Amino acid sequence: MIEVSGLTKRYGGFTAVRDLSLAVQPGEVLGLVGPNGAGKTSTLRCLAGIIPATAGNVRIAGHDISTDPVAAKRALAFFPDEPRLFDYLTIRQHLNFVARIYGVADHEAIAGPLLEELEIADKADQLPGELSRGMKQKLAIACGLLHSPSVMFFDEPLTGLDPLGIRRMKDSILKRAREGAAVVLSSHLLHLLQEVCSHVLILKKGEKIAHGTLSEISAQFANGESGVSLEEIFIRATGGSEH
Amino acid sequence: MLGALLYLRLTSLKNQLISRAKRLRQLKYLLGALVGGAYIYFLFFRNFGGASGSRGAARTAATQTLAALPSSEALTQTLPLIAAVSALLLLGIVMLAWVIPSTTPGLRFTEAETAFLFPAPISRRTLIHCKLLSSQFSILFTSLFFTLISNRWTFLGGNALTHAFGWWFVLSTLNLHFTGAALTLSRLVESGVSPLRRRLTVLGGLAVVVGLTVAWVWRDLRAPDAEDFAGVAPFTAYLLGLLDHGVLGALLVPFKFVVGPFLAPDTRTFLFSLAPALLVMVAHYSWVLRMETSFEEASLAAAEKRSATLASVREGKSVFASARTHARPGPFYLGSSGRPELAFLWKNLLSTATYFNLRVLATAAAIILVGSKWFLSGTTPDIRAARVVVGMISLTAGAYVLLLGPHLARQDLRGDMPHADILKTYPLRGWELLLGQILTPVAILTGLTWLCLLGAALTLQPTGRMALLLTPSGQWAIALGIAALTPFVCALQLLILNGATIIFPAWFHSLRAAGPGGGIELMGQRLIFVFGQFIVILTALLPASLTALALIFATQWLIGATAAIALATLVVLVVLAGEVWCALWWLGERFDRLDVSSELRP
């Protein structure tokens, strides 16, 4: 579903991501973790086709993101850490706009339950300026889910959500994965990885330090000890610093 | 505490200067600084420093103008009139501070200041002093800038120093007044006085002053007659009589004190004018200090609102963009299937004013049709002259809309660049997205230009030799031709402006991030942009214009002027459509390859 080989992203002389390869199958949730500046957001943006990769290949649902971007983007959804909304469009109008862009037939039948699931149906005629940070995040998610993407990228998905919102977001991600979506999310919140991710990829200075299931990663860095926390594993894997 | 504030201001200023100096290592800022510096020099400093060069010429011209006035005492009469009118203007500005605020305006602090100063262990009075001291930095800078401008007004006399001090007195006193007014309004709200009652009281007071002035004119002065308008001297004398006496005269006295130092024609008068101006300032200061009232809550709200407005401006939107809080229905039905470009037209139309719609356009066209019919039915010389004036105004307005409109109508990619990362996830080709983005400004500007053209075509009728050359059918062929070309000319200009944000995103980002101001280097960048766009649009229109002229010249003998114009329009249409398509395709490709993360870094 998501196939990445030799992905490299450079900004001038600075290499943000170096020779990264990975694959995420339908139903899998891959957690991208790493210290600040590890290259998580750059990786996500390259995968979503927002920024061009300097080298390497990215295939989304079988389509190469650089040679067939329209087909690849039709299959994916990207959720930034900060919801990017249009100030003058209500929740309902946002969905109307996105439906036309993605050509979602009978979008109202999909939008209704989606808004109910995200608990913003009663705010459907409000502008983003009238919504709380969490509500805006939910609207951005609704817009992303409207076209039923088979690939999803979340950049810090829990930012700004209240405890109930966090719970619902985790459930929502797991529900989509169970329905066959391939999900990649980046987060600093290790408990999110533990609860949601089937696989983890640890990045440091743009390079892959470790990649595998949670148990595989634990085994790799536990050094034979038992009951080592994920936090401890992360610190051991990254050397305890950004550098 | 004030020491800490002084440290904050001076350190911020120093760091700002250092960071600006450092960024000059980037070509875009260096070029901007050079162009901006040259502009500032030629605009202000070339005329600075004594009565030499063009400043001397200007002074001579001004002296000659004054000498040509009917009265030999023109100068001595004009300056008091300027003082009186300036005082009246200040009175008007001051009145706004009492009428406009809907609730409690609070004192103007930035969000950072509210975060650091409000929880700090300092008294309310010290906070007010912080505010006043803080304002002095911008007042000093503004005074300097205004001095650069007013130094060209050589007829005022004085010199750069007296002008700088003069501006400082005016701005500082106004600042003190606004501070006092804000605190007083807060206290009024605390005592239960509603904004409506306050406004009615202020406007009622103003009405009383106007009424008393009219009564005084009726009783002691006289209504103006034709002789008062016979020349500058009698008109000046009458106005001075009105503004210097009676209730209005008394009301304007403190305001005249405030503008006194600025308008002092020589050093001696300047020194004499200092004491009254200081008296007014000290009275204001004393008033501000006596207002023990809470302003923190209103200041916090105002700081948040200002911050939102600034963020909005930095996103390329209007200053008023963040003010809208009411949703409105979509401009037309947007189905789920069909061209995706229309989704952008739909979205961007929602971000414009409500009156940009087909109904208003049709109503305006109907009004123009009816109005011009009435105009055309009139045969008196006055009506004919008015018709020409209306026609010329329509034509000029149309030209302005066509040439300047694309710079102002920014409901396109320029406004959406902060969402570039989301736009790039849409399953659209770059050209589709760009076409969709420019549709709204093209539609609005085309509608406005058509209205102007309609007005011009209906009211302008060629006379003399032009009437022989341009038959009514030829005239309509030109109007319809321009109307047909308008959307393409608009599209071409908008593509150039939007293209600039795609090709030079870093320049665009630096201009946007700077907000409305930004310094000499950013002003220079804006100048370079405008000049570049001007050159590009001329280059783009040149092939079409030359083709049109050649065609009309070559074919009018064979098929007649009207048909030649129609043929030329058709060919130009094809040329422009080709250019628009090429620009869309090329810029779309550029947008597809745009690296938003590296290019849009500040």
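Residues numbered from 1 in each chain as written. Chains lettered and ligands numbered in written order. Predicted model: local features only at pLDDT ≥ 70, side-chain atom pairs only at ≥ 80, totals over all residues. Heavy atoms only, no water.

## Focus on the overall build of chain B
Thought 1: Across its full length, chain B carries 24 helices and zero strands.
Thought 2: The 602 residues of chain B split such that 42% are buried.
Thought 3: If you take every contact in chain B between residues at least 6 apart in sequence, the share linking residues at least 24 apart comes to 79%.
Thought 4: Accessible surface, chain B: about 31,500 Å² in total, of which carbon and sulfur atoms supply 73%. (Helix = DSSP H or I, 4+ residues; strand = E, 2+ residues; numbered from the N terminus. Buried < 20%, exposed > 50% of the residue type's maximum accessible area, 1.4 Å probe, protein only. Contact = heavy atoms within 4.5 Å. Areas by Shrake-Rupley, 256 points an atom, 1.4 Å probe, with all protein chains shown as cover.)

## Points about the interface of chain B and chain A
Thought 1: Tallying the contact residues gives 42 residues for chain B and 36 residues for chain A.
Thought 2: The contact between chain B and chain A buries some 3,400 Å² in all, and 60% of this surface belongs to carbon and sulfur atoms.
Thought 3: Of all residues in chain B, Ser336, Thr425 and Pro427 of chain B bury the most surface against chain A, accounting for 19% of the area lost on that side.
Thought 4: One can count three salt bridges joining chain B with chain A.
Thought 5: Linking Asp421 of chain B and Arg84 of chain A is a salt bridge whose minimum nitrogen-to-oxygen distance equals 2.3 Å.
Thought 6: On inspection of chain B and its partner chain A, the count reaches twelve residue pairs in polar contact (both at pLDDT 80 or more).
Thought 7: Only helix H13 (341-350), helix H17 (420-423) and helix H24 (596-599) of chain B provide two or more residues apiece to the side of chain B that touches chain A.
Thought 8: Ranked by residue count, the leading element in the side of chain B that touches chain A is H13 of chain B, at six residues. (Buried area = accessible area lost by both parts, 1.4 Å probe. Salt bridge = Lys/Arg side-chain N within 4 Å of Asp/Glu carboxyl O. Polar contact = N/O pair within 3.5 Å; in protein donor to acceptor, adjacent residues only side chain to side chain.)

## Some points on helix H11 (residues 267-290) of chain B
The α-helix winds at 3.6 residues per turn, so residues separated by three or four positions along the chain end up facing the same way.
Thought 1: Between its first and last C-alpha atoms H11 of chain B spans 35 Å; for 24 residues at 1.5 Å apiece the expected length is 34 Å, and the two agree.
Thought 2: Buried positions along H11 of chain B lie against helix H6 (124-150), helix H7 (160-190) and helix H10 (246-263) of chain B. (Expected span 1.5 Å × (residues − 1).)

## What to know about the sheet that holds strand E4 (residues 55-60) of chain A
Residues and elements named next belong to chain A.
Thought 1: Strand order in the open sheet formed by four strands is E2-E1-E4-E5, with antiparallel pairing between adjacent strands. Each edge of the open sheet is held by one strand with a lone partner, namely strand E2 (14-24) and strand E5 (63-64).
Thought 2: Two strands pair when backbone bridges link them, and strand E1 (residues 2-11) and E4 are joined in this way by five bridges, in the antiparallel orientation. Within E4, the residue paired with Thr8 across the bridge is Ala55.
Thought 3: Most of the contacts of helix H1 (residues 40-47) go to E1, to which it runs at about 120°, and overall it touches E1, E2 and E4. (Pairing = 2+ DSSP bridges. Axes fitted to C-alpha atoms, helices over the stretch in contact; angles between N-to-C directions.)

## Considering a nonpolar patch on the surface
Residues and elements named next belong to chain B.
Thought 1: A contiguous nonpolar surface patch, about 590 Å² in accessible area, is contributed by Leu27, Leu30, Leu31, Leu34, Val35, Tyr39 and Leu527.
Thought 2: Ranked by residue count, the leading element in the nonpolar patch is helix H2 (residues 27-43), at six residues.
Thought 3: One can find Leu31 in helix H2.
Thought 4: Exposure remark for Leu31: the relative accessible area of 35% places this residue in the partly exposed category. (Patch = residues over 30% accessible without salt bridge, like charges linked within 9 Å, V, L, I, M, F, W, Y side chains within 5 Å.)

## Thoughts on the environment of Leu404 of chain B
Residue and element names in this part refer to chain B.
Thought 1: Its location among the elements puts Leu404 in helix H15 (residues 381-408).
Thought 2: With a relative accessible area of 43%, Leu404 lands in the partly exposed category.
Thought 3: For the pair Leu404 and Gln493, spaced 89 residues apart in sequence, the C-alpha separation works out to 9.7 Å.

## Observations concerning the packing of aromatic side chains
Thought 1: The full count for this structure, using the stated rule, is 16 aromatic pairs over all chains.
Thought 2: Plain terms: the ring middles of Phe146 of chain B and Trp167 of chain B are 4.9 Å apart, the flat faces sit at 65° to each other, and that makes the pair edge-to-face. Residue Phe146 of chain B is found in helix H6, and its partner Trp167 of chain B is found in helix H7; the two are separated by 21 residues along the sequence.
Thought 3: Given the relative accessible area of 15%, Trp167 of chain B is considered buried.
Thought 4: Centroid distance Phe165 of chain B to Phe270 of chain B: 6.2 Å. Interplanar angle 55°. Geometry classified as tilted. Here Phe270 of chain B lies in helix H11 and Phe165 of chain B lies in helix H7, a separation of 105 residues in the sequence.
Thought 5: A relative accessible area of 41% means that Phe165 of chain B is categorised as partly exposed.
Thought 6: Of note, Lys347 of chain B hangs over the ring of Phe86 of chain A, and the distance from its end group to the ring centre comes to 4.2 Å.
Thought 7: Positioned above the aromatic ring of Phe591 of chain B is the side chain of Lys424 of chain B, whose terminal nitrogen or guanidinium carbon lies 5.1 Å from the ring centre. (Phe/Tyr/Trp six-rings, centres within 6.5 Å; stacked < 30°, edge-to-face > 60°. Lys NZ or Arg CZ within 6 Å of the ring centre and 35° of its normal.)

## Description of the pattern of salt bridges
Thought 1: All told, the structure shown has 19 salt bridges over all chains when counted by the stated rule.
Thought 2: Residues Asp595 of chain B and Lys9 of chain A are paired through a salt bridge, measuring 2.3 Å at the closest nitrogen-oxygen approach. Linking Asp595 of chain B in the loop between helix H23 (561-593) and H24 with Lys9 of chain A in strand E1, this pair reaches from one chain into another.
Thought 3: Assessed through its relative accessible area of 10%, Asp595 of chain B is described here as buried.
Thought 4: According to the relative accessible area criterion, Lys9 of chain A is buried, its value standing at 2%.
Thought 5: Across the pair Glu195 of chain A and Lys170 of chain A runs a salt bridge whose closest N-O atoms are separated by 2.8 Å. With Glu195 of chain A in helix H7 (residues 190-196) and Lys170 of chain A in helix H6 (residues 163-178), the pair connects residues that are 25 residues apart, well separated along the chain.
Thought 6: Given a relative accessible area of 40%, Glu195 of chain A falls into the partly exposed group.
Thought 7: Lys170 of chain A gets classed as buried once you look at its relative accessible area, which sits at 6%.

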